[in-house]
Amino acid sequence: MLFSPACERNQQPIRELLRQWLPPGARVLEIGSGSGQHAIFFAKALAGLDWQPSERREALNDLAERIALEGRSGLAVAARVAEPFELDVDQAEHWPSNDFDALFSANTCHIMAAGSVANLIAGAAKGLKPGGLLLLYGPFRDEGIPMAASNAAFDAHLRSLDPGMGLRDAQEIGRWAQEQGFTAMADQPMPAQNRCLIFRLA
Ligand SMILES: C[S@@+](CC[C@H](N)C(=O)[O-])C[C@H]1O[C@@H](n2cnc3c(N)ncnc32)[C@H](O)[C@@H]1O
């Protein structure tokens, strides 16, 4: 089964952040769920959580395998992990309408091309209920400020693999979010030079 050591390291601090920000019984759409470890870990801890994992077509089988194996028992009271569905942020027709209280995505913005991140934010504006939260976790950069050494090395590594990948500028993400009707709520520092950018839809 697909396994992410990064999820193992970051899942506890992210869980505490979600505990703080999500309304009780929140219906959450996750973009780029990968191994599904986050979905399971959060649904084991947060009562009433209704978590919808999603992935691109090529990664959907790996995700579905974990959800089928671990997503049906041992969850917190009234929590649920739904059957994963296909969602490529660049495919406008994949996006649901106005269904979700929150959208969460971890470690995807630096993997996607910049245009796809903008599409993610536009899709979030469509998929969230009014007042819904957008939470983007991962390493980000800041306009005009040198990156921490570990993030600079990671950014260079990503760009050497594919010039379209790389750490995204938090200010640029903020502008895209504002254009889609979001208000910036928090830029929460997380362990190992990561952050969670949190926005609320009007
Ligand atoms: C580094 S992995 C992160 C997976 C998981 N969220 C985690 O934290 O371990 C990046 C994920 O982004 C997904 N991804 C990349 N491009 C995407 C797109 N256009 N639409 C949706 N997901 C995408 C990949 O399939 C991959 O699962």
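Remember, it's a predicted structure, so these values are computed and weren't measured experimentally.

Thoughts on the pattern of salt bridges
Thinking step 1. Inspection of the entire model under this criterion finds 14 salt bridges.
Thinking step 2. The closest approach of N and O atoms between arginine 72 and glutamate 83, which form a salt bridge, is 3.3 Å. Of this pair, arginine 72 sits in the loop between helix H3 (60-70) and strand E4 (80-81) while glutamate 83 sits in the loop between E4 and strand E5 (85-86), and the two are 11 residues apart along the sequence.
Thinking step 3. Classification of glutamate 83 by relative accessible area gives exposed; the value is 53%.
Thinking step 4. In this structure, the salt-bridge partner of arginine 195 is aspartate 142, at a minimum N-O distance of 2.9 Å. Taken together, the positions of arginine 195 in strand E11 (residues 194-201) and aspartate 142 in the loop between strand E8 (140-141) and helix H5 (149-161) put the pair 53 residues apart, joining distant regions of the chain.
Thinking step 5. Among the charged side chains, a salt-bridge network with shared partners connects Arg15, Glu16 and Arg19.

Things to note about helix H6 (residues 170-179)
Helical geometry: 3.6 residues make up each α-helical turn, so side chains three or four residues apart lie on a common side.
Thinking step 1. Taken residue by residue, H6 has Ala170, Ile173, Trp176 and Ala177 as its buried positions. Projected down its long axis, H6 carries its buried residues within an arc of 120°, all on one side. Facing away from the buried side of H6, by more than 90 degrees, are the exposed residues Gln178 and Glu179.
Thinking step 2. Tucked inside the fold, the buried residues of H6 contact helix H4 (114-127), strand E7 (128-138), E8, strand E9 (168-169), strand E10 (182-190) and E11.
Thinking step 3. Of the residues flanking the start of H6, the one acting as N-cap is aspartate 169, its side-chain oxygen 2.8 Å from the backbone nitrogen of glutamine 171.
Thinking step 4. Count one or two residues on from H6 and you reach glycine 181, which has phi positive near 95°.

A word on the nonpolar core
Thinking step 1. Leu18, Phe42, Phe104 and Leu135 are the most contacted members of the largest nonpolar core, which totals 31 residues.
Thinking step 2. Ranked by the residues each element gives to this core, the list is headed by helix H2 (residues 37-45), at five residues.
Thinking step 3. Other than its neighbours up to four places away in sequence, phenylalanine 42 contacts Gln11, Ile14, Arg15, Leu18, Leu49, Trp51 and Phe104.

Criteria and thresholds
Residues numbered from 1 in each chain as written. Predicted model: local features only at pLDDT ≥ 70, side-chain atom pairs only at ≥ 80, totals over all residues. Heavy atoms only, no water. Salt bridge = Lys/Arg side-chain N within 4 Å of Asp/Glu carboxyl O. Helix = DSSP H or I, 4+ residues; strand = E, 2+ residues; numbered from the N terminus. Buried < 20%, exposed > 50% of the residue type's maximum accessible area, 1.4 Å probe, protein only. Arc of directions from axis to C-beta. Contact = heavy atoms within 4.5 Å. Polar contact = N/O pair within 3.5 Å; in protein donor to acceptor, adjacent residues only side chain to side chain. Core = buried A, V, L, I, M, F, W, Y, C linked by side-chain atoms within 4.5 Å.

Honestly, it's all geometry; don't read function into it.
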